[in-house]
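Examination of the molecular architecture
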Amino acid sequence: MAASRGAVVLKTVKKIVVQLCPFESNVRSTRDFLVKVGSEKARSSNMNCEVITEVKHDRSESVIDITFVDGERLVMKGSKLTAQEMLSALQTRCNAKNPQAKAGDKK
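The rules behind the values
Residues numbered from 1 in each chain as written. Predicted model: local features only at pLDDT ≥ 70, side-chain atom pairs only at ≥ 80, totals over all residues. Heavy atoms only, no water. UniProt positions renumbered as here; feature names shortened; annotations may be inferred. Pairing = 2+ DSSP bridges. Helix = DSSP H or I, 4+ residues; strand = E, 2+ residues; numbered from the N terminus. Axes fitted to C-alpha atoms, helices over the stretch in contact; angles between N-to-C directions. Buried < 20%, exposed > 50% of the residue type's maximum accessible area, 1.4 Å probe, protein only. Contact = heavy atoms within 4.5 Å. Salt bridge = Lys/Arg side-chain N within 4 Å of Asp/Glu carboxyl O. Core = buried A, V, L, I, M, F, W, Y, C linked by side-chain atoms within 4.5 Å.

The name an unreviewed UniProt entry assigns to the chain is Large ribosomal subunit protein mL53, from the organism Triplophysa tibetana. Per its UniProt entry, the chain bears the Subcellular location (unreviewed entry) comment "Mitochondrion". Turning to the chain, the UniProt annotation filed under Sequence similarities (unreviewed entry) states: "Belongs to the mitochondrion-specific ribosomal protein mL53 family."

1. Describing the sheet that holds strand β4 (residues 73–77)
Strand pairing within a sheet occurs via backbone hydrogen bonds; the two strands may be parallel or antiparallel. One open sheet accounts for four strands, arranged β2-β1-β3-β4; its pairing is mixed. Every other strand in the sheet has two partners, leaving β2 (50–55) and β4 as the edge strands with one partner each. Each strand of the sheet is rotated relative to its neighbour by a mean of 10°, with strand direction disregarded. By the bridge criterion, five bridges tie strand β3 (residues 63–68) to β4 in an arrangement that is antiparallel. The residue bridging T67 from the neighbouring strand is R73, located in β4.

2. Things to note about the pairing of β4
On β4, burial follows the alternation: L74 and M76 on one face are buried, whereas R73, V75 and K77 on the facing-out side are not. Once β3 ends, the chain turns through four residues before running back antiparallel as β4, passing G71 with a positive phi of about 95°.

3. Description of the side chain of T67
Its place among the elements puts T67 in strand β3. Residue class for T67 comes out buried when judged on its relative accessible area of 16%.

4. Quick notes on the environment of K14
Structurally, K14 can be placed in strand β1 (residues 13–20). What makes K14 partly exposed here is its relative accessible area of 48%. In this structure the C-alpha to C-alpha distance between K14 and E72, which are 58 residues apart in sequence, comes to 9.9 Å. Discounting chain neighbours no more than four positions away, the residues touching K14 are N48, C49, E50, T67, F68 and V69.

5. Some remarks on the pattern of salt bridges
Applying the stated rule across the entire model yields seven salt bridges. Between D32 and R28 there is a salt bridge whose closest N-O contact spans 3.6 Å. Residue D32 and its partner R28 are both found in helix α2 (residues 28–37); the two are separated by four residues, about one turn of the helix. Residue classification places R28 among the exposed residues on the basis of a relative accessible area of 61%. Two residues, K97 and E72, come together in a salt bridge whose shortest N-O distance is 2.5 Å.

6. Description of the nonpolar core
By size, the foremost hydrophobic cluster in this structure holds 22 residues, and its most contacted members are V13, I16, F33, I66 and L90. Looking at this core, the elements with two or more residues in it are β1, α2, β3, β4 and α4 (83–97). Each residue touching F33, except ones within four places of it in the same chain, is listed here: I16, I64, I66, M76, A83, M86, L87 and L90.

So this is what it looks like as structure tokens:
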């Protein structure tokens, strides 16, 4: 699991929108995900990546909507996944889209 070993790399990500209701009981994993992708180290891997947080007060389900530079989107429901699962899914997609990461795997 790349996300558990090191920092999150956002090179291939254009925008991350995190929608959450702080009053829901299962919002913890979404908040943990937000802390990881919003960290200084993760943000410095792509200064053009927007990380947007939308706090809602309507008891709605947490949703993470990730847009990649090639236009592809990854939408995850935070209440159904752990933070580790979300970070793993993000890193898997990022590594698949990053040609430098593919070259590093072959060495």
